[in-house]
Amino acid sequence: MTNAETLSPPPSDYEAILAGEATILDAIPGAVYVCDVEGHLIRYNGEAARLWGRHPPLQDAKERFCGSHRLYRLDGSAWPREDSPMANAIRFGRQTRNEFVTMERPDGSRFDALVNVRPLRDRHDRIEGAINCFHDVSRQKPPDLEGRHAADLEDFFENAPVALHIVGDDGTIRGANRAELDLLGYAAEEYVGRHIGEFHADRSTVSDILDKLKAGETLDRYPARLRTKDGRIKYVLITSSGRFENGVFTNTQCFTADVTDVHEAESARRESEERLAATYQAATIGIAEADADGHLVRVNEALCRMLGRSEEELLAMKFLDYTDPVDRERDKASYAQQIEGKIDSYVVRKRAIKPDGSSIYLDVHSSSVRDADGRFRYGVRVLIDVTDAERMQDRIRESEKNFGDLLEALPAAVYTTDADGRITFFNKAAVQMAGRTPALGDKWCVTWRLYRTDGSFLPHDQCPMAVAIKEDRAIRGQEAVAERPDGTRVPFIPYPTPLHNSDGKLIGAINMLIDISDRKKAQEYAERLAAIVTYSDDAIVSKDVRGVIQTWNQAAERIFGYKAEEAVGKPITILIPPDRQDEEPQILARICRGEHIEHFETARRRKDGSLIDVSLTVSPLKNGSGEITGASKIARDITERRQEERRRQLLINELNHRVKNTLATVQSLASQTFRGERASQSFKRFETRVVALARAHDLLTKESWEGADIRDILDRSFQAVCPEPGIRLRASGPLCRLKPKLALSLSMAFHELGTNAVKHGALSGDSGKVAVDWRITGSGEIRRLHLTWRELDGPDVTAPVQRGFGSRLLEQALARELDAQVALLFPRSGLVFTLDAPLIDITPTDGTSIHERP
């Protein structure tokens, strides 16, 4: 049994009348009205109202059983409505046929009516109401009254609004009134005299009717089908009873009520319902009906399959019962508005829970069915399973999110536009590159301004992205320059690519902007480096890890005599003299270990076999993966420098030789001059001072007369006068080299101070010591040397009464030579000598290192 059959049994007559249009009763050629089980008027047609002379209100408690103003029996006595034929039909189920009553209109006029009342029962035989069909028969006298005349009967028969025909015992039509002939479209001569079976569409029906009438049965609204003259079929209800004379059936008068319109309407309704039911069940989408409380009162098989529940299960549920709690309130609120009439329909997408706990997505289209008074009857809900679409949307959204995240994470500037070029997305790199945050909806490009590579202005609507969208093609190989709001410019390469949907329609474009600033800088650097290599005065040669020459610059050609085509591809050993061939394996070994080989001087061989002095620097070369692929060698020709150094050394040696000869000559002259006084202290002091001067010359000669370290000067001077310099001297101060003039002056000062300490001061005893400290203050031209000579732990000191050569050398000559401030003090604890001299003639080597000797 289908759901439609269960919920929609055939309607009763009463329900059919109510379900039909109110005006359908007007199609009946007679006065008709219907009362409910309480006797209230619920329907009547225009003919009834016309005869009543009024339009009584429907369902009015005062208007019961009849719409006439008053009712009377034919004898003129009042006939209470509660006792009328309609009241008897409703209360007792009593049918009334051809009963004569007198009805009074509100204006007092009266008319006689022939009433036919039939109770209306439901499928359980319970009375739901009754219908009364009555006719104005004022012009006829009731046949049962005495004194009626044949002419009146004939007139009644002929002019009765109800179709009426008389059939004889043989089935021949004995007569038919105008209403009967009009109903079927025949003339009297075409109808009367012929067998009634010729006009019935169903012969079995004719036989059944005649058999029943002959058997004494009364037919009440017996359904039949009559064929009209033009071939149409009329659905009629025949009310008839047989007439018998002496127990023999003689004829019958048949009232024929045309119910073709009702039948067609009912057929149409039934067909519509059947078609609806068939469609309802055959539909592949879910359909359900719900009452005002949301209880499901009808569901189709598609919805059962969709929700994984049986029809019985669903009919015991409300549609909110299987709705996901997340979506429940939204659907509930919309349905409440629909019931209240605030909205006619609504659409909601929600999740429904299946018995196994899984969920599906449904698109619910809910609409209302209302009665004639606009009251809500039930809601029709069409449900479409959109789970696949929703999940696809989820995947699309997830894919779009992943795509967005990917674009956001890209280190390159990326943005997208729609088909009109309006920006729909841009990542952080795009903001960073553009130097601004573009607005969504801006057109063509995220940059502030654009320029071509030749510096000319490039309008945004002519940029590569605009061209890509307008011409629907990818643009490659173009460069442009973006200007930021702060005026900085960024060269870049765009990669605009059109985007299409699955139908191939252009929906937008994506563009990636590659910042080539670094590439440009690298290119410029490479060009500068190549220029440096090309035009360098040094030979710059590269070789692989096997020692095979790979590149060869112009300076290499000039220095070694080989052209590039002669050297490239040859082993580097062609440049190494035979006696130095072992250098190359050592160089390659260090290079392969990644070591950088600082300057070292060696000899190399030219193409003509001659040797040159070179200074080499070798650095490892690495590829992009950090692997060592070879070495870069810079060779500087130092032949001339070497020759110059040799000449200078020769001159220095000659100068030193001549100075020593001069000092030896001075010493010899002094020895001859002071013959006989050579043992005197004066001669010895003179001789030691000459020796000290010669020692200072030796130190400067060793340093090529470029200067001497203050510490070396102090050590040499102290060692000459003290046998235990490591114990008796404590020196501290930064490293600094003194120019030759200053070195000689300070060497002589140390000699005088040391000699005095040995003879009279701290070094004259066993425990005395000398502390020498110096420091440098200021910078540049105002740097000064502060030096203190302090004798410690020696005998008590008293200032000398007379100043000798040493005192004058320290206090006068030294101050004059060095433009210094000099002090020679004699505290009792020991001699103190201080020197404050400018350092314009001093070359500091390290201002931080301190050398201290105990």
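To be clear, the structure that these remarks concern was listed above.
Residues numbered from 1 in each chain as written. Predicted model: local features only at pLDDT ≥ 70, side-chain atom pairs only at ≥ 80, totals over all residues. Heavy atoms only, no water.

A. The arrangement of the overall build of the chain in detail. Helix and strand counts for the chain come out as 25 helices and 36 strands. The C-alpha atoms of the chain give a radius of gyration of 67 Å, which is well past the 29 Å a tight globule of 854 residues would have. Classification of the 854 residues of the chain by burial places 42% in the buried group. When contacts within the chain are restricted to residue pairs at least 6 apart in sequence, those whose partners lie at least 24 apart make up 49%. For the chain, the accessible area works out to roughly 45,300 Å², and carbon and sulfur atoms hold 50% of it. (Helix = DSSP H or I, 4+ residues; strand = E, 2+ residues; numbered from the N terminus. Rg over C-alpha atoms; globule rule 2.2 N^0.38 Å. Buried < 20%, exposed > 50% of the residue type's maximum accessible area, 1.4 Å probe, protein only. Contact = heavy atoms within 4.5 Å. Areas by Shrake-Rupley, 256 points an atom, 1.4 Å probe, with all protein chains shown as cover.)

B. Geometry of unusual backbone geometry. Phi is positive for Asp-125, close to 70 degrees, though the residue is something other than glycine. Examined against the element boundaries, Asp-125 turns out to sit in the loop between β5 (110–121) and β6 (127–136). The backbone phi angle of Asp-793 is positive, close to 60 degrees, even though this residue is not glycine. Inspection of the secondary structure puts Asp-793 in the loop between β33 (784–792) and α25 (805–818). Using a relative accessible area of 53% as the deciding quantity, one classes Asp-793 as exposed.

C. Molecular detail of helix α21 (residues 681–702). For α21, with 22 residues, the first-to-last C-alpha span of 31 Å sits near the 32 Å given by 1.5 Å per residue. Along α21, the positions that sit buried rather than exposed are Phe-683, Arg-689, Val-690, Ala-692, Arg-695, Ala-696, His-697, Leu-699, Leu-700 and Thr-701. (Expected span 1.5 Å × (residues − 1).)

D. Molecular detail of the sheet that holds strand β26 (residues 597–605). Strand order in this open sheet of five strands is β25-β24-β28-β27-β26, and the pairing throughout is antiparallel. Single-partner strands in this sheet number two, and they are β25 (549–552) and β26. In this sheet, adjacent strand axes meet at a mean angle of 30 degrees when their direction is disregarded. Taken together, the six bridges between strand β24 (residues 539–544) and strand β28 (residues 628–637) define a ladder with antiparallel strand orientation. Bridging across to β28, Ser-542 finds its partner in Ser-632. (Pairing = 2+ DSSP bridges. Axes fitted to C-alpha atoms, helices over the stretch in contact; angles between N-to-C directions.)

E. Examining helix α24 (residues 740–759) more closely. The end-to-end C-alpha distance of α24 is 29 Å, a good match for the 28 Å that 20 residues give at a rise of 1.5 Å each. Buried residues dominate α24, accounting for 16 of its 20 residues.

F. Structural context of the pairing of strand β31 (residues 735–738). Covered by surrounding structure in β31 are Cys-736 and Leu-738 only, the residues Leu-735 and Arg-737 on the alternate face being uncovered. Of the strand pairs in this sheet, strand β29 (residues 708–709) and β31 are connected by two bridges, and their pairing is antiparallel. What sits directly across from Asp-709, in β31, is Arg-737.

G. Fine view of the sheet that holds strand β15 (residues 359–370). What the five strands build is an open sheet, ordered β13-β12-β16-β15-β14; its pairing is antiparallel. Of all strands in the sheet, those bounded by a partner on one side alone are β13 (296–299) and β14 (345–353). For this sheet, the mean inter-axis angle between neighbouring strands, taken without regard to orientation, is 30 degrees. Where β15 lies against strand β16 (residues 376–385), nine bridges are found, and the strand directions are antiparallel. Residue pairing across strands places Leu-362 opposite Asp-385, the latter belonging to β16. Across the sheet, helix α9 (residues 260–282) touches β12 (286–290) and β13, and the angle it forms with β13 is around 85 degrees. Against the sheet, helix α13 (residues 387–409) touches β14, β15 and β16, its axis set at about 130 degrees to β15.

H. Seen up close, the pattern of salt bridges. Tallied over the entire structure, the rule returns 51 salt bridges. One salt bridge connects Glu-190 with Lys-229, and the closest N-O pair in it is separated by 3.1 Å. Placement of Glu-190 in helix α7 (residues 188–191) and of Lys-229 in the loop between β9 (218–227) and β10 (233–245) is noted, with a sequence separation of 39 residues between them. A residue is classified by how much of its surface remains accessible, and Glu-190, at 27% relative accessible area, is partly exposed. Judged by relative accessible area, which is 49%, Lys-229 ranks as partly exposed. Asp-202 is paired through a salt bridge with Arg-225; the nearest N and O atoms lie 2.9 Å apart. Separated by 23 residues along the polypeptide, Asp-202 in the loop between α7 and α8 (203–214) and Arg-225 in strand β9 bring together distant segments of the chain. Under the relative-accessibility criterion, Arg-225 is labelled partly exposed at 28%. A cluster of three or more residues bridged by salt bridges with shared partners is formed by Glu-601, Asp-613, Arg-641, Arg-642, Glu-645 and Arg-646. (Salt bridge = Lys/Arg side-chain N within 4 Å of Asp/Glu carboxyl O.)

I. Representation of the side chain of Asp-363 within the structure. By the secondary structure assignment, Asp-363 is in strand β15. Separated by 2.7 Å, the side chains of Asp-363 and Arg-349 make a polar contact. Setting aside residues no more than four positions away along its own chain, Asp-363 makes contact with Val-348, Arg-349, Val-382, Leu-383, Ile-384 and Val-386. (Polar contact = N/O pair within 3.5 Å; in protein donor to acceptor, adjacent residues only side chain to side chain.)

J. Region of interest: the packing of aromatic side chains. Evaluated as defined, the whole model comprises 14 aromatic pairs. Between Tyr-44 and Trp-52, the ring centres sit 5.5 Å apart and the planes meet at 65 degrees, which makes this aromatic pair edge-to-face. Summarising the burial analysis for this pair, Tyr-44 and Trp-52 share the class buried. Centre to centre, the rings of Trp-552 and Phe-560 are 5.9 Å apart; their planes meet at 45 degrees, and the pair counts as tilted. We classify Trp-552 as buried; its relative accessible area is 9%. (Phe/Tyr/Trp six-rings, centres within 6.5 Å; stacked < 30°, edge-to-face > 60°.)

K. Structural view of the nonpolar core. In this structure, Trp-789, Phe-833 and Leu-835 are the most contacted members of the largest nonpolar core, which totals 41 residues. A per-element tally of this core places α24 first, with eight residues. When sequence neighbours within four positions are dropped, the list of residues in contact with Phe-833 reads Leu-753, Leu-787, Thr-788, Trp-789, Leu-810, Leu-814, Val-822, Ala-823 and Leu-824. (Core = buried A, V, L, I, M, F, W, Y, C linked by side-chain atoms within 4.5 Å.)

L. View of the pairing of strand β34 (residues 821–825). When β34 meets strand β35 (residues 832–838), the two strands line up antiparallel, connected through five bridges. Along β35, the bridge assignment pairs Leu-825 with Val-832. What sits between β34 and β35 in their antiparallel hairpin is a turn of six residues, with Gly-830 showing a positive phi close to 155 degrees.

M. Layout of the environment of Asp-486. Mapped onto the elements of the fold, Asp-486 is located in the loop between β20 (480–483) and β21 (489–494). On the basis of relative accessibility, which here comes to 58%, the residue Asp-486 falls in the exposed class. It is 70 Å that separates the C-alpha atoms of Asp-486 and Leu-792, two residues lying 306 residues apart in sequence.

N. Geometry of the environment of Leu-71. Its location among the elements puts Leu-71 in strand β3 (residues 70–72). Judged by its relative accessible area of 8%, Leu-71 falls in the buried class. The spacing of Leu-71 and Thr-205 is 134 residues in sequence and 39 Å in space, taken between C-alpha atoms. Dropping the residues within four chain positions of it, Leu-71 is found in contact with Cys-66, Ser-77, Ala-78, Trp-79, Arg-81, Ser-84, Thr-102 and Met-103.

O. Structural detail: a nonpolar patch on the surface. Together, Tyr-525, Leu-529 and Ile-532 give the surface a local cluster of nonpolar side chains, amounting to about 320 Å² of exposed area. Looking at the secondary structure, you find Ile-532 in helix α16 (residues 517–535). (Patch = residues over 30% accessible without salt bridge, like charges linked within 9 Å, V, L, I, M, F, W, Y side chains within 5 Å.)

P. Region of the structure containing the packing of α21 against helix α22 (residues 710–721). Packing of α21 against α22 leaves a shortest axis separation of 10 Å and a crossing angle of 145 degrees. α22 is crossed by α21, and the crossing has right-handed handedness. Judged by residue contacts, Arg-695, Leu-699 and Lys-702 of α21 engage Asp-712, Ile-713, Arg-716, Ser-717 and Ala-720 from α22. Of the residues that constitute the contact of α21 with α22, the class distribution is three nonpolar, one polar and four charged. (Left-handed = near helix turned anticlockwise from the far one by under 90°. Nonpolar A, V, L, I, M, F, W, Y, C, P; charged D, E, K, R; others polar.)

Q. Layout of the state of the cysteines. In this structure the tally under the stated criterion is zero disulfides. Looking at the unpaired Cys-66, the closest cysteine sulfur is the one in Cys-35, lying at 7.9 Å. Free of any disulfide, Cys-254 has its nearest neighbouring cysteine sulfur in Cys-133, separated by 16 Å. For Cys-254, a relative accessible area of 4% gives the class buried. (Disulfide = S-S within 2.5 Å.)

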